[in-house]
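# Observations on the model geometry
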Amino acid sequence: MKKLTLSFIAFAFAVSAFAQSWSLDKAHSKLGFGVTHLMISTVEGSFKSFDAKITSSKEDFSDAVIELTAEVNSINTDNEQRDGHLKGADFFDAEKFPTITFKSTSFKKKGKNTYTLVGNLTLHGVTKPVTLEATFTGTAVHPYTKKTIGAFKVTGTIKRSDFGVGAGTPSAVVSDEVTITANTEFAKD
């Protein structure tokens, strides 16, 4: 029994020794989106308050778990009137649904620096699986903090109708498809 317990402890220690945790560098990251307005132009926005973390036991991130939260009230499209409308019941209903969350279920390497990111997105009280594309843009040692940093660009498209966002707004006014672009920098903990 002692050998089994010691073996388990050694295994648990070995696994934890290889685990990597990465925290979002908020000053060098952006979570953005874009929609087509009146079928001809793109309106972009972002969430000013969001956080994310990555946990992985593999150096190439092929088993990474990514978690993200964004505060709906931090939405910014550079137009206060539009931002207020988006925060209201017609779209995000920030009072009732104050956060957006994402947790990955898989992060599969598909090329040298590219991955398919699958996870559950909770938006407007609805949770649905989404598939996104991620590109690992590299690592470096930060010259001031001396911490290892890494960066990812994540892109994809979701349908707002899948989450009940803006249900009363026709897609001829605001597109149903919403592009997501996240440029992120993480520091290794």
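Computed from a prediction, not measured in an experiment: that's the story for all the values here.

### Thoughts on the overall build of the protein chain
What the protein chain contains, in helices and strands, is two helices and 11 strands. The helix and strand sequence of the protein chain, counted from the amino end, reads α-β-β-β-β-β-β-α-β-β-β-β-β. C-alpha extents for the protein chain along the principal axes are approximately 65 × 40 × 30 Å. In the protein chain, which comprises 189 residues, the share counted as buried stands at 38%. Partitioning the intrachain contacts of the protein chain with sequence separation of at least 6 by distance along the chain shows that 53% fall at a separation of at least 24. Accessible surface for the protein chain amounts to roughly 11,200 Å². Of this, 57% is attributable to carbon and sulfur atoms. Charge-centre separation for the protein chain: the mean point of 22 positive side chains lies 9 Å from the mean point of 20 negative side chains.

### Details of the UniProt feature "domain: Lipid/polyisoprenoid-binding YceI-like" (unreviewed entry) in the protein chain
Cross-referencing UniProt, the feature "domain: Lipid/polyisoprenoid-binding YceI-like" (unreviewed entry) maps to residues 21-187 in the present numbering. With 5% helix and 57% strand, the stretch residues 21-187 has end C-alpha atoms that lie 8 Å from each other.

Rules used throughout
Within every chain, residues take consecutive numbers counted from 1 along the sequence as written. Since the coordinates come from a predicted model, pLDDT governs what is reported: local features require at least 70, and pairs of side-chain atoms require 80 or more to be given and counted, while whole-chain, interface and lining totals use all residues. Only hydrogens and water are removed before side-chain values are computed, so all heavy atoms of the structure are retained for them. Only DSSP runs of H or I reaching four residues or more are called helices, and only runs of E reaching two or more are called strands; each is numbered from the N terminus. Only protein chains enter the accessibility calculation, which uses a 1.4 Å probe; a residue is then buried when its area is under 20% of its type maximum, exposed when over 50%, and partly exposed in between. Working rule for contacts: check all heavy atoms of both residues, and any pair within 4.5 Å makes them a contact. All accessibility values rest on the Shrake-Rupley procedure with a 1.4 Å probe; residue burial counts only the protein chains present in the view. The sign given to each residue is positive for Lys and Arg and negative for Asp and Glu; His and the chain ends receive no count. Here the site of a charge means atom NZ of a Lys, CZ of an Arg, CG of an Asp or CD of a Glu. UniProt positions are given in the numbering used here, feature names are shortened, and annotations may be inferred rather than shown by experiment.

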